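For reference, the chains in residue letters:
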Amino acid sequence: MAEKSETPILDELEKGPWPSHVTELKKTGYKGLLALYEQIYQDKMTHWAHGGMVGVPGYDAGVIGRVSDRPDILKDAHTFRIIEPAAWFYKTEYLRKICDTWEKYGSGLMNLHGATGDLQLIGIKTENMVPCFNEFAQIGFDLGGSAGDIRTMSCCVGPARCEFSCIDTLAIYQELTMSYLDEMHRPRFPYKFKIKISGCPNDGVAATARSDLAIIGTWRDSIRIDQEEVRKYASAGLNINDVCAKCPTEALEWNGTELKLNADDCVRCMHCINKMPKALRPGIDKGATILIGGRARGRYGAFLAWVLVPFMKVNPPYTELKDLIKKIVEWWDENGRTKERVGETIYRFGMGRFLRAVGLPAVPQQIIRPRANPFWFYWPGEVK
Ligand code: SF4
């Protein structure tokens, strides 16, 4: 007779052709977690309770405390957040070291990667945290952000693998991470502050929707067009008129032999470049658009980020970018309420007041319809 399963409800989640996280959990041999998980389903209520602050000495962030109200099944299973390498490039040698260390001290269960970007290691007991952290430090990894701090950043592969990247996302990520390590390890802000870096307006890391400060590669001059390649696309069957029709600003025109672009109207959406990557390329004068205030959820709902600086050159040592981040964070730290993201603070104060405070001019790219909303209020002399 078949042995009775200890997790009959979880077993249901293993059925079907798709991968199952329960199967993966079972492979870790982390019986306490499975038993608690089963209990949660049986009781139809969570048994995870708030565990207060847990951490390792010298750090106030980077460990997410998880304790249960059923210590008879499982007492604690904290999460380690580890700062990932730029664009998630790991040498296999280091991945092996991470796995070995995590199997030694933790559950062996990993999440590559969390929504913020970090490497999330799930399930460690309180007494194992310090030796585990020490071993990670020896390998060369550090804890990431959590709570009201500058969170671990993330960036797309950028120029490492993409010829359309307009900025060196990896270098910017590395520089900002090293510059704000203190702010990542010691929460002191009203709430989280996420920075994400995308190499082009395709926005591979969803910076516009998922970060408080989005740095997105763009160009200031005109898209480069190879007319011969455009004609090849046309003879291969691509409907160029359709590509032009979907340009949001009607900046393109195709006369059957030549593609014309009104560069002043182009809003750098990448649609035409995505459709004809061999024929069209971003311009030569490259930099970044800086956006502010995006987030997936919050007290006023989800916000897409607002354009703050339409174009900024972002080259080492990134002084202009860092100065701007410093001003933004200082203003928000001074004016933000507890648990208020920077976008919500701006929403409460109005964009005009925010721009005056950080010393940025009001520019047309920040707004679609002027004078329609008091949120966007400027005196005539302030508009460039
Ligand atoms: Fe139009 Fe977008 Fe192409 Fe610019 S990038 S020309 S806005 S489709």
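Residues numbered from 1 in each chain as written. Predicted model: local features only at pLDDT ≥ 70, side-chain atom pairs only at ≥ 80, totals over all residues. Heavy atoms only, no water.

Brief notes about the sheet that holds strand E4 (residues 78–82)
Okay, so step 1: With respect to topology, 4 strands assemble into an open sheet ordered E2-E4-E6-E5, the strand pairing being antiparallel. Sheet topology places strand E2 (63–64) and strand E5 (106–112) at the edges, where each strand pairs with a single neighbour.
Okay, so step 2: In the packing of helix H4 (residues 92–105) onto the sheet, contacts are made with E4, E5 and strand E6 (119–124), and the angle to E5 comes to roughly 140°.
Okay, so step 3: Lying on the sheet, helix H5 (residues 129–139) is in contact with E2, E4 and E6; it crosses E4 at an angle near 15°. (Pairing = 2+ DSSP bridges. Helix = DSSP H or I, 4+ residues; strand = E, 2+ residues; numbered from the N terminus. Contact = heavy atoms within 4.5 Å. Axes fitted to C-alpha atoms, helices over the stretch in contact; angles between N-to-C directions.)

Notes on the domain arrangement of the protein chain
Okay, so step 1: By domain assignment, the protein chain separates into domain 1 (8–139), domain 2 (154–220 + 286–366) and domain 3 (224–281).
Okay, so step 2: Each of domain 1 and domain 3 has a C-alpha centre, and these two points are 48 Å apart. (Domains from an automatic or database assignment.)

Some details on helix H13 (residues 342–349)
Okay, so step 1: Extensive coverage of H13 is indicated by the burial of 6 of its 8 residues.
Okay, so step 2: Among all positions in H13, only Val 342, Gly 343, Glu 344, Thr 345, Ile 346 and Phe 349 are buried.
Okay, so step 3: Along its buried surface, H13 packs onto strand E14 (286–292), strand E15 (306–312), helix H12 (319–335) and helix H14 (351–358).
Okay, so step 4: Positive phi appears at Gly 350, one or two residues downstream of H13, with a value of about 95°. (Buried < 20%, exposed > 50% of the residue type's maximum accessible area, 1.4 Å probe, protein only.)

Focus on the packing of helix H2 (residues 21–28) against helix H3 (residues 31–43)
Packed helix pairs are characterised by how far apart their axes lie and by the angle those axes make with each other.
Okay, so step 1: Where H2 contacts H3, the axes come no closer than 8 Å and their chain directions differ by 145°. Contact with H2, carried on its side by His 21, Val 22, Leu 25 and Lys 26, involves Leu 33, Leu 34 and Tyr 37 of H3 and no other residues of that element.
Okay, so step 2: Among the residues making up the contact of H2 with H3, the classes are represented as 5 nonpolar, 1 polar and 1 charged. (Nonpolar A, V, L, I, M, F, W, Y, C, P; charged D, E, K, R; others polar.)

Here's the deal with the pattern of salt bridges
Okay, so step 1: Under the definition given, this model contains 23 salt bridges.
Okay, so step 2: Here Asp 11 makes a salt bridge to Lys 26, at a shortest N to O gap of 2.7 Å. Taken together, the positions of Asp 11 in helix H1 (residues 8–12) and Lys 26 in helix H2 put the pair 15 residues apart, joining distant regions of the chain.
Okay, so step 3: According to the relative accessible area criterion, Lys 26 is partly exposed, its value standing at 32%.
Okay, so step 4: Of the charged contacts in the structure, one is a salt bridge between Glu 163 and Arg 281, with a shortest N-O distance of 2.8 Å. Note that Glu 163 is positioned in the loop between strand E7 (154–155) and helix H6 (169–179) and Arg 281 in strand E13 (residues 280–281), a separation of 118 residues in sequence.
Okay, so step 5: Look at Glu 163 and you get exposed, because its relative accessible area is 57%.
Okay, so step 6: Here Arg 281 falls in the partly exposed class, since its relative accessible area comes to 26%.
Okay, so step 7: Salt bridges linked by common partners bring Asp 11, Glu 14 and Lys 26 together as one network. (Salt bridge = Lys/Arg side-chain N within 4 Å of Asp/Glu carboxyl O.)

A closer look at the pairing of strand E9 (residues 213–219)
Okay, so step 1: E9 sits mainly inside the fold: 7 of its 7 residues count as buried.
Okay, so step 2: The alternating pattern of E9 places Leu 213, Ile 215, Gly 217 and Trp 219 on one face and Ala 214, Ile 216 and Thr 218 on the opposite face, and all of these are buried.
Okay, so step 3: With 4 bridges connecting them, strand E8 (residues 195–198) and E9 associate as parallel partners. Across the sheet, the residue bridging to Ile 195 is Leu 213, located in E9.

Considering the site of the ligand
Okay, so step 1: The environment of the ligand is formed by 13 residues, the closest being Cys 247, Cys 266, Val 267, Cys 269 and Cys 272.
Okay, so step 2: More than half of the atoms belonging to the ligand lie within 2 Å of the grid points that define the largest cavity.
Okay, so step 3: Here the residues of the shell around the ligand sort into 10 nonpolar, 2 polar and 1 charged. (Near = heavy atom within 4 Å. 1 Å grid on protein atoms, 1.4 Å probe; cavity = no way out; pocket = protein on both sides within 12 Å on 5 of 7 lines; lining within 4 Å. Sits in = over half its atoms within 2 Å of the grid points.)

Remarks on the sheet that holds E7
Okay, so step 1: Spatially, E7-E8-E9-E14-E15 is the arrangement adopted by the 5 strands of the open sheet, whose pairing is mixed. Two strands in the sheet have a free side with no partner beyond their single neighbour: E7 and E15.
Okay, so step 2: Bridge analysis of E9 against E14 gives 7 bridges, and the strand direction is antiparallel. Within E14, the residue paired with Thr 218 across the bridge is Gly 287.
Okay, so step 3: Packing against the sheet, H12 makes contact with E8, E9, E14 and E15, and its axis sits at approximately 160° to E15.

Some points on the packing of H4 against H5
Okay, so step 1: Two elements in contact, H4 and H5, have axes separated by 10 Å at closest approach and are oriented at 170°. As judged from the angle between their axes, H4 and H5 are roughly antiparallel. In contact with Tyr 94, Lys 97, Ile 98, Thr 101, Trp 102, Lys 104 and Tyr 105 of H4, H5 contributes Pro 131, Cys 132, Glu 135, Phe 136 and Ile 139.
Okay, so step 2: When the residues that make up the contact of H4 with H5 are grouped by side-chain class, the tally is 8 nonpolar, 1 polar and 3 charged. (Parallel < 35°, antiparallel > 145°, perpendicular 65-115°, else oblique.)

Observations regarding empty space enclosed by the protein
Okay, so step 1: Summed over all chains, the structure comprises 1 cavity of 30 Å³ or more.
Okay, so step 2: Within this model, the largest cavity holds a volume of roughly 90 Å³.
Okay, so step 3: Residue lining of the largest cavity: 16 residues in total, with Ile 223, Cys 247, Cys 266, Cys 269 and Cys 272 positioned closest to the centre.
Okay, so step 4: Looking at the lining of the largest cavity residue by residue, the class counts come to 13 nonpolar, 2 polar and 1 charged. (Points joined across faces, edges and corners; volume = space filled by probe spheres on them.)

Some details on the side chain of Glu 183
Okay, so step 1: With respect to the secondary-structure elements, Glu 183 resides in helix H7 (residues 181–185).
Okay, so step 2: Since its relative accessible area comes to 18%, Glu 183 is described here as buried.

Re the layout of surface pockets
Okay, so step 1: Roughly 780 Å³ of internal volume is contained in the largest pocket.
Okay, so step 2: Arg 81, Ala 147, Arg 151, Tyr 191 and Lys 192 are, among the 35 residues lining the largest pocket, the residues nearest its centre.
Okay, so step 3: Taken together, the elements giving at least two residues each to the lining of the largest pocket come down to strand E1 (48–50) and E2.
Okay, so step 4: Partitioned by chemical class, the residues of the lining of the largest pocket number 11 nonpolar, 10 polar and 14 charged.
Okay, so step 5: Looking at which domains feed residues into the lining of the largest pocket, each of domain 1 (8–139) and domain 2 (154–220 + 286–366) supplies at least three.
Okay, so step 6: Lining the second largest pocket are 23 residues, with Val 267, Arg 268, Thr 289, Pro 310 and Gln 365 positioned closest to its centre.
Okay, so step 7: Only E9, E14 and E15 provide two or more residues apiece to the lining of the second largest pocket.
Okay, so step 8: By residue number, the principal contributor to the lining of the second largest pocket is E9, which donates 4 residues.
Okay, so step 9: Class assignment for the residues of the lining of the second largest pocket results in 12 nonpolar, 5 polar and 6 charged.
Okay, so step 10: When residues of the lining of the second largest pocket are assigned to domains, at least three map to each of domain 2 (154–220 + 286–366) and domain 3 (224–281).

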